[in-house]
Amino acid sequence: MTLEFDRTFDAPYQKVIRVAPRIRRLLVRNPGPFTFKGTGVTLVGDCEIAVIDPGPDDPEHLAALREAIGGETVSHILVTHTHRDHSPAARALREWTGAKIYGFGPHGGAAREGGAVVEEAGDTEFAPDVTVRDRDTIEGNCFALQCVHTPGHTSNHMCYALLGEKALFTGDHVMGWSTSVVVPPDGDMADYLRSLRKLLARDDAVYWPTHGGPIRDPRKVVSAYLEHREARDAQILACLKDGLAQIPDMVSTIYAGLDPRLKPAAGLTILAHLIQMVRDGRAICEGEPRLNAHFHAI
C-alpha cells in the first residue's frame with residue numbers, strides 16, 4: 001500500500017473555523033518543515049469548551065486565541081505532547097480561564113541528540129494539573145473525551161477520542177501531510193509501531209491531526225504508515241549489507257534530494273530504526289547506538 005500525502009489543506013491564520021458540529025480550529029501562523037501550515041488549535045464543544053494543543057507561547061497567537069475564545073467558558077485544556085508548537089500556550093490559557101491542564105506528564109527527553117536539533121524543541125516547563133492515562137475519560141458539560149496513549153513520537157504522546165463522534169485528535173502521531181518524526185531517546189520506534197497497531201484496532205471515522213487537514217480514511221492511512229516503516233527498515237538493512245556503516249551515509253542514500261532542513265530529523269529517525277534493529281538482533285552497533293556510531297548487519 002502506497003503512502004500518499006495530502007498537502008491540500010489551507011485555512012486562514014488566526015481565525016476560528018468550524019470544521020464539524022462540535023469542533024472548531026484556529027490555525028497558528030507558525031509554518032515550517034515540521035509544522036506544515038502551522039499548529040491547528042482545536043476547540044471542542046459549544047456550551048463550554050475544551051482546548052486541545054493550545055499552541056506556542058507567541059504574542060500574536062496568544063492574542064488571537066484570547067479573541068477566539070471571547071466570552072466562552074473553557075473548562076479543560078488538553079495537551080497531546082510537549083513540543084513547543086503544541087503546549088506552552090496552555091499556561092497563559094490557564095491563567096485567563098482558570099481551567100486545568102490535562103496531559104500524560106512532563107516532557108520526557110531532550111531536543112538534541114548528538115548536536116542535532118529537530119522538531120519543535122521540548123517544552124521542559126510543562127507540568128499538567130491533571131495527569132491522565134490510557135482509557136481515562138475527560139468529561140465536560142457538552143463533550144466527553146477518552147484518552148488514547150500513543151507513545152513513539154514522544155513518550156508522553158496522548159490522543160483524545162471525542163465520544164459519540166468517532167473522531168480522534170491525533171496530535172503528531174498520525175498526520176496526512178507527512179510521516180511523524182521519531183527522535184531517540186524519548187521517541188521510540190517500537191513504541192511508535194505498537195501505537196499505530198493500537199489505532200488499527202479502533203473504529204474511528206476521522207482523525208484530526210494538530211498539523212494539516214483531517215484524515216477521512218484512518219485505517220488505510222495507518223496501514224500505509226506501518227508499511228512505510230517496514231520499507232524503511234528494509235532500506236536501512238540494505239545499506240548495512242552494502243557496507244554503509246554510518247547514519248549520514250544512509251541519509252544520503254535513502255533520502256536523496258531531501259530538503260537540507262530535514263536531514264537532522266531523517267538521521268534521527270534512521271537512528272530510531274537502528275536502535276530497534278539492534279534490540280531485535282538484526283544489526284549490531286560498535287558501542288552505544290548514536291548518530292556517530294558504526295552499525296553492521298548480522
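Structure shown above.
First things first, this report covers the structure right here in the doc. (Residues numbered from 1 in each chain as written. Predicted model: local features only at pLDDT ≥ 70, side-chain atom pairs only at ≥ 80, totals over all residues. Heavy atoms only, no water.)

Looking at the sheet that holds strand S1 (residues 16-20)
Read from one edge of the open sheet, seven strands run S1-S2-S3-S4-S5-S6-S9, paired in mixed fashion. In the strand order of this sheet, the two ends are held by S1 and strand S9 (130-131), each with one partner. As paired elements, strand S4 (residues 49-52) and strand S5 (residues 74-78) share four bridges and run parallel to each other. Within S5, the residue paired with Ile49 across the bridge is Val74. Against the sheet, helix H1 (residues 59-69) engages S1, strand S2 (23-27), strand S3 (40-44), S4 and S5, with an angle of about 155 degrees to S2. (Pairing = 2+ DSSP bridges. Helix = DSSP H or I, 4+ residues; strand = E, 2+ residues; numbered from the N terminus. Contact = heavy atoms within 4.5 Å. Axes fitted to C-alpha atoms, helices over the stretch in contact; angles between N-to-C directions.)

Examining the packing of aromatic side chains
Each aromatic ring pair is described using two quantities: the centre-to-centre distance and the angle formed by the ring planes. Considering all chains together, one arrives at one aromatic pair under this definition. The interplanar angle of 10 degrees and the centroid separation of 4.7 Å between the aromatic rings of Phe36 and Trp177 together place this pair among those described as stacked. With Phe36 in the loop between S2 and S3 and Trp177 in the loop between strand S13 (167-171) and helix H3 (189-200), this residue pair connects regions lying 141 residues apart in the sequence. Assigned by exposure class, Phe36 and Trp177 land together as buried. Taking the ring centre of Phe104 as reference, the NZ or CZ of Arg133 above it sits at 4.0 Å. (Phe/Tyr/Trp six-rings, centres within 6.5 Å; stacked < 30°, edge-to-face > 60°. Buried < 20%, exposed > 50% of the residue type's maximum accessible area, 1.4 Å probe, protein only. Lys NZ or Arg CZ within 6 Å of the ring centre and 35° of its normal.)

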